[in-house]
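Chain and residue survey
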Amino acid sequence: MEKEKVSIIIPVYNSESTLKRCIESVINQTYKNIEILIINDGSKDKSLNIMNEYKNKDERIIVINQKNKGLSGARNTGVNNATGDYITFIDSDDYIKPNLVKDTIKIFEEYECDVVRNNYELSYENGKNELKNEMYEENRIINIEEKKEELIQNILLGKVQSYSWLLTIKREILDKNNLKFDEDIFFMEDIVFIIRLIFFIKNIYFVREPNYFYYQSNENSLTKDTKKYVKNINNILVMKKRLEKILKMHINEFENYIKIINTVYLNGIIGYLKISVRNSGNYKEILDELKKIRESQDIKEMLGNKSLKLLKLNSSLYIYLYEKKKYNTLIKIFKLENLLKRRK
């Protein structure tokens with residue numbers, strides 16, 4: 001008997017091309033005691049029509065309309081309206097295996113864990129899937145008290161991917177500790193949420209077998225809109241300061257994390273330049289922004305207190321060139337990498 005109820009939250013913004021597949025994968029779960037909260041975050045396409053179509057077919061579906069608040073705001077609306085014992089998320093362009101919920105609940109019952117972290121494959125438009133290698137190559141339960149700092153460092157460095165849609169969480173943990181997504185952060189918001197969550201749980205179970213499909217599209221959320229890139233570059237600094245505040249509250253030896261956070265931040269902003277070169281070649285506005293903030297006191301302090309050995313060799317080289325203001329060399333390297341990638 002399926003005693004435990006699972007709330008599945010789907011934030012939606014202009015997802016008409018992928019939404020049906022997403023919803024179908026949820027309503028076809030073999031575990032039936034679920035509620036499906038679809039948050040229409042101000043969509044301007046036909047997404048709402050699709051939501052209502054499925055709502056009329058399946059009484060487990062709840063559609064909530066709101067003005068556009070962004071991904072964090074949509075997720076918070078879902079959490080605030082959820083009634084399940086557990087909460088999980090799925091992005092509207094992604095989809096899941098039929099047994100994901102059933103297998104997850106079985107893990108909760110068997111291991112008495114607070115959070116289950118599922119695994120994923122990249123799903124491409126051409127129909128191919130790709131499993132991304134991570135440091136945990138087998139199922140395992142991690143005791144937070146023993147491995148807290150190691151886990152946080154691995155999340156910050158990207159050795160453990162920090163996507164909220166991989167998590168299923170006991171709802172009582174979110175309610176008791178008033179854990180929400182930070183609506184002032186609209187890029188890398190998952191890192192902040194997950195690291196906050198770590199301080200309020202006893203353990204987390206990592207699933208090795210992929211059961212979530214993370215859709216990769218040429219027209220996906222990382223678009224060719226350079227203005228959005230520039231806005232995100234500045235928002236990463238907001239994320240960095242939030243993260244520092246959280247760690248300072250909970251960790252005595254906070255200073256050990258400053259170099260890690262600075263290095264991750266620098267790697268993130270340069271990554272935007274790389275993406276813009278790859279996607280459209282229209283990178284001038286982003287390069288100008290990076291040149292401008294390079295002269296700010298924040299960036300100067302970060303460059304003076306970083307650790308390039310934490311990163312792969314190519315990422316370390318990018319930051320070194322940025323620090324030395326070798327912008328043309330950086331662009332040439334990105335263009336060469338794109339050319340070599342296309343020839344593979």
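Residues numbered from 1 in each chain as written. Predicted model: local features only at pLDDT ≥ 70, side-chain atom pairs only at ≥ 80, totals over all residues. Heavy atoms only, no water.

1. Description of the confidence of the model for the protein chain
Averaged over all residues, the pLDDT of the protein chain equals 91, while 95% of them reach at least 70. Taken together, the stretch residues 219-223 has pLDDT below 50 and engages in 10 contacts with residues farther than four places along the chain or on a different chain. (pLDDT = per-residue confidence, 0-100. Contact = heavy atoms within 4.5 Å.)

2. Regarding the packing of helix α5 (residues 144-156) against helix α7 (residues 189-198)
Where α5 meets α7, the axes come as close as 10 Å, and the angle between the chain directions of the two elements is 170 degrees. Here α5 is positioned roughly antiparallel relative to α7, judged by the angle of their axes. Of the residues in α7, those touching α5 at I144, K148, L151, I152, I155 and L156 are I191, I194, I195 and I198. The residue makeup of the contact of α5 with α7, split by class, is 9 nonpolar, no polar and 1 charged. (Axes fitted to C-alpha atoms, helices over the stretch in contact; angles between N-to-C directions. Helix = DSSP H or I, 4+ residues; strand = E, 2+ residues; numbered from the N terminus. Parallel < 35°, antiparallel > 145°, perpendicular 65-115°, else oblique. Nonpolar A, V, L, I, M, F, W, Y, C, P; charged D, E, K, R; others polar.)

3. Some words on the pattern of salt bridges
On inspection of all chains with the given rule, the structure shows 18 salt bridges. Residues E53 and K57 are paired through a salt bridge, measuring 3.5 Å at the closest nitrogen-oxygen approach. The class for E53 is partly exposed, based on a relative accessible area of 32%. A residue is classified by how much of its surface remains accessible, and K57, at 60% relative accessible area, is exposed. Between K274 and E337 there is a salt bridge, with the nearest N and O atoms lying 3.3 Å from each other. Of this pair, K274 sits in helix α9 (residues 255-279) while E337 sits in helix α13 (residues 327-343); the two residues are 63 residues apart in sequence, bridging distant segments of the chain. (Salt bridge = Lys/Arg side-chain N within 4 Å of Asp/Glu carboxyl O. Buried < 20%, exposed > 50% of the residue type's maximum accessible area, 1.4 Å probe, protein only.)

4. A closer look at the nonpolar core
Counting residues in hydrophobic clusters, the biggest one holds 111 residues, and the most contacted among them are L156, L247, I269 and L273. No other element matches α9, which puts 12 residues into this core. Setting aside residues no more than four positions away along its own chain, L156 makes contact with I191, I195, L243, Y257, I260, I261 and V264. (Core = buried A, V, L, I, M, F, W, Y, C linked by side-chain atoms within 4.5 Å.)

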